[in-house]
Amino acid sequence: MFPIKNKNDLRNAYKYLEILKELRKPIDRMEDVKRAIREYTHKENTDRIVKDYGIDGYVVLMELPDFLENQQDAEEYFEEGHVIHATPSIYDCTGQAFTSWYKIFKRRDRFYAYHSVCFDV
């Protein structure tokens, strides 16, 4: 199985698939990569917006994957795959989204996160 846990892994899977095509490697390995890509891109979205601030941003409740075992793993996973960093710009009001805060907690033996996203307006 080819594990894809976040967008970075997805990007690497597509690159790996291109390399396999160029090298004309066995088809069964390509099928594993394609299956993993399909599973990641077609998964059901369980995120829901709990507070909408309109043009100023929103707060979303996210269910984190069940392979996370402790608080530290959950925070590393969230920081690697979900935190949005704004790119510095010489212009004001770029409209970029960025993470203003997040809170990771455990509920019913699963990790969840409140993620506050704001916009540079």
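Since we're looking at a predicted model, the values are computed, not measured.

Colleague: Could you give me a rundown of the packing of aromatic side chains, with the residues and numbers involved?
Modeller: The tally for this structure, following the rule as stated, stands at five aromatic pairs. Among the aromatic residues, those joined into a cluster by ring pairs are Phe105, Tyr112 and Tyr114. The lysine or arginine in question, Arg107, covers the ring of Tyr112, its NZ or CZ lying 5.2 Å from the ring centre.

Colleague: Please set out the pairing of strand 4 (residues 110–119) residue by residue, giving values where relevant.
Modeller: Pairing analysis gives seven bridges linking strand 2 (residues 57–63) to strand 4, with the strands arranged antiparallel. Each bridged residue has a counterpart across the sheet, and for Val59 the counterpart in strand 4 is Ser116. Sheet topology places strand 3 (residues 97–107) next to strand 4; 10 bridges connect them, and they run antiparallel. Opposite Arg107, over in strand 4, you have Arg110 as the bridge partner. The hairpin turn running from strand 3 into strand 4, its antiparallel successor, is two residues long, and Arg108 in that turn takes a positive phi close to 50 degrees.

Colleague: With reference to specific residues and values, describe the pattern of salt bridges.
Modeller: This model, assessed by the stated rule, comprises two salt bridges. Salt-bridge contacts for Asp32 lead to Arg35; the nearest nitrogen and oxygen are separated by 3.4 Å. Residue Asp32 and its partner Arg35 are both found in helix 2 (residues 27–41); the two are separated by three residues, about one turn of the helix. Its salt-bridge partner being Glu63, residue Arg110 comes within 2.7 Å of it at the nearest N-O pair. Here Arg110 is found in strand 4, whereas its partner Glu63 is found in strand 2, with 47 residues between them in sequence. Arg110 gets classed as partly exposed once you look at its relative accessible area, which sits at 23%.

Colleague: How would you sum up helix 1 (residues 7–23)? Please name residues and give values.
Modeller: Helix length check: helix 1, at 17 residues, gives a terminal C-alpha distance of 25 Å against a target of 24 Å (1.5 Å per residue), a fit within 8%. For helix 1, every residue scored as buried is listed here: Leu10, Ala13, Leu17 and Leu20. The buried residues of helix 1 occupy an angular sector of 75 degrees when projected down its axis, which confines them to one face. Exposed and facing more than 90 degrees away from the buried side of helix 1 are Lys7, Lys15, Glu22 and Leu23. Against helix 2 lie the buried residues of helix 1. Just past helix 1, the residue Arg24 takes up positive phi, approximately 55 degrees.

Colleague: Lay out the sheet that holds strand 3 with the relevant residues and their values.
Modeller: Within a beta sheet, neighbouring strands are joined by backbone hydrogen bonds and run either parallel or antiparallel to one another. Read across the open sheet, the four strands follow the order 1-2-4-3; overall the sheet is antiparallel. What marks the edges here is a single partner per strand, and that holds for strand 1 (48–52) and strand 3. Going across the sheet, the axis of each strand differs from the next one's by a mean of 20 degrees, ignoring polarity. Here strand 1 runs beside strand 2; their pairing, made up of four bridges, is antiparallel. Note on strand 2: the bridge partner recorded for Asp52 is Tyr58.

Thresholds, definitions, all that
- Residues numbered from 1 in each chain as written.
- Predicted model: local features only at pLDDT ≥ 70, side-chain atom pairs only at ≥ 80, totals over all residues.
- Heavy atoms only, no water.
- Phe/Tyr/Trp six-rings, centres within 6.5 Å; stacked < 30°, edge-to-face > 60°.
- Lys NZ or Arg CZ within 6 Å of the ring centre and 35° of its normal.
- Pairing = 2+ DSSP bridges.
- Helix = DSSP H or I, 4+ residues; strand = E, 2+ residues; numbered from the N terminus.
- Salt bridge = Lys/Arg side-chain N within 4 Å of Asp/Glu carboxyl O.
- Buried < 20%, exposed > 50% of the residue type's maximum accessible area, 1.4 Å probe, protein only.
- Expected span 1.5 Å × (residues − 1).
- Arc of directions from axis to C-beta.
- Contact = heavy atoms within 4.5 Å.
- Axes fitted to C-alpha atoms, helices over the stretch in contact; angles between N-to-C directions.

Worth remembering: the numbers are spatial, not functional.
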